[in-house]
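Residues per chain are reported as follows:
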Amino acid sequence: MRGDVYSVSGIKRILARHGLATSRTRGQHFLPDKGTLDRIADAAELHSDECVLEIGPGLGALTRVLSHRVRKVVAVEIDAGFMRALEQTLEDLTNVRVIHQDFLKLDLRRWSAENLDSLPAPIVANLPYSVTTPVLSALFETPEWWRVAVLLLQKEVAHRLAAGPGTPDYGSLSVYAQFAAEIDVVGLVPAGVFYPPPKVESAIVRLRPRNEPPAPVRDPRILQRVARAAFAQRRKTLLNSLGSIEEWGREGIRSALESVGIEPGVRGETLTLAEFAAVANALTPPEE
Ligand code: SAM
C-alpha cells in the first residue's frame, strides 16, 4: 500500500491512513507536484553514482524522484509519524535509507562521514521555513562535506541570500552567505502547488560552497559583527552604525575606514563584499 505521493488526494489518503495531521511548526507543506520536484532535482545536477542527502522527506515525494537519479538517498526526518508512513510509501525503493533524527542536532562532519557513502555530498531539501537559518548556518560552518545544496526556501529569504549592494534585499545574511557560498536563485515556486499551501511564495536556491572567499578575511567573526552592525539600522551612516559599538568607538571606526579608503558617511548597504572584508580586516587586531 504505497499510495500516490504525487497528488493532493493521494497525500490526504496517506495522512488519513496513518492518522497524521500536518504541523505548521514543523513546516509540513508537501510538494505533490512532479514538475516542481523534477526542477529541484535538476538544479542539483546529480551524478548517478552519488549518495544524496535529503533533509525532511515528509511522505517521500522528493525522495522518490531523487532515488531514480542517484545510487543512494539518505534522508533525515524528525517526525516519528512520518517515519511510519515512509516505511510504506518508500517500501519498493531499495536505495533509500531514512534516519529518524533532528537534522539540527547532528554533528555534521562526523555524521556525514559515517552515514553518506560519497563525499562531498549533494543536499536537497524542501526545507521547513522555521529551520532555514540554522540549516544554512550549519552548512556554512562545515563546507567541506557537501558539494552543492538545492533548497526550496521562502522567496524573501532566497532574494536576501542572493542580493547585491545597494538593493533593498541586501543585508547581513547576503554578506555572510556570499562569503561562504556561490548562490543562484534557480526559479520561483507558487504557494498553490503545495499541500497545504503556505502563506508565501517559495524559490529554488542552489548553493555551492566556495573554496576561496571572494576577498581574504582575517577573522570571520569580526566580518560577521561588522555586517550585522552595518545593517542594524539601515539609514545610519557606516560611521554612526559601527561607531556606536563601544569596543571600536567613533574614532577607531573613522581611522579604520580611512585606512581602507571608505567614506565614513556612506551607508553599510552600499558596501561590496570586498569592502566589508577590508573594513573587518582593518578592525582585526594584529596577531601576536
Ligand atoms: N520533502 C517533503 C515534500 O517535499 O513534500 C516534505 C517537506 S516539508 C516542507 C518539511 C519536512 O521536514 C517535514 O517532513 C518535517 O517533518 C521535516 N522536518 C522539520 N524539521 C526537521 C528537522 N529539524 N530535521 C529533520 N526533518 C525536519
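Just so it is clear, the structure is predicted and the values come from calculations on it, not from any experiment.

Engineer: Which residues make up the overall build of the protein chain, and what are the values?
Structural biologist: Tallying secondary structure elements over the protein chain gives 12 helices and seven strands in all. The principal-axis extents of the C-alpha atoms in the protein chain amount to approximately 70 × 40 × 30 Å. Every one of the 288 residues in the protein chain was classed for burial, and the buried ones make up 51%. A separation of at least 24 residues holds for 67% of the contacts in the protein chain among residues at least 6 apart in sequence.

Engineer: So, the packing of helix α6 (residues 132-141) against helix α8 (residues 172-180): which residues are in play, and what are the values?
Structural biologist: Axis separation between α6 and α8 bottoms out at 10 Å; the angle between their running directions is 35°. Crossing of α6 over α8 shows left-handed handedness. Every residue of α8 that contacts α6 at Ser137, Phe140 and Glu141 is listed here: Tyr176, Ala177 and Ala180. Residue classes in the contact of α6 with α8 are distributed as four nonpolar, one polar and one charged.

Engineer: Account for the pairing of strand β7 (residues 202-209), naming residues and giving values.
Structural biologist: Burial analysis of β7 places seven of its eight residues in the buried class, which makes it a mostly covered element. As paired strands, strand β5 (residues 146-154) and β7 are joined by six bridges and run antiparallel to one another. The residue bridging Val150 from the neighbouring strand is Arg206, located in β7. Here eight bridges tie strand β6 (residues 181-189) to β7, and the two strands are oriented antiparallel to one another. Within the sheet, the bridge partner assigned to Ala181 lies in β7 and is Pro209.

Engineer: Requested: an account of the site of the ligand, with residues and values cited.
Structural biologist: For the ligand, the set of nearby residues contains 20 residues, the closest of which are Gly27, Leu31, Glu77, Asp102 and Asn126. Side-chain polar atom of Gln28 to an oxygen atom of the ligand: 3.0 Å apart, as the coordinates give it. Note that a nitrogen atom of the ligand is positioned 2.8 Å from one of the side-chain N or O atoms of Asp102. In isolation the ligand offers 600 Å² of accessible surface; the protein chains occlude 97% of this area. Its residues assigned to classes, the shell around the ligand comprises eight nonpolar, seven polar and five charged.

Criteria and thresholds
- Residues numbered from 1 in each chain as written.
- Predicted model: local features only at pLDDT ≥ 70, side-chain atom pairs only at ≥ 80, totals over all residues.
- Heavy atoms only, no water.
- Helix = DSSP H or I, 4+ residues; strand = E, 2+ residues; numbered from the N terminus.
- Buried < 20%, exposed > 50% of the residue type's maximum accessible area, 1.4 Å probe, protein only.
- Contact = heavy atoms within 4.5 Å.
- Axes fitted to C-alpha atoms, helices over the stretch in contact; angles between N-to-C directions.
- Left-handed = near helix turned anticlockwise from the far one by under 90°.
- Nonpolar A, V, L, I, M, F, W, Y, C, P; charged D, E, K, R; others polar.
- Pairing = 2+ DSSP bridges.
- Near = heavy atom within 4 Å.
- Polar contact = N/O pair within 3.5 Å; in protein donor to acceptor, adjacent residues only side chain to side chain.
- Areas by Shrake-Rupley, 256 points an atom, 1.4 Å probe, with all protein chains shown as cover.

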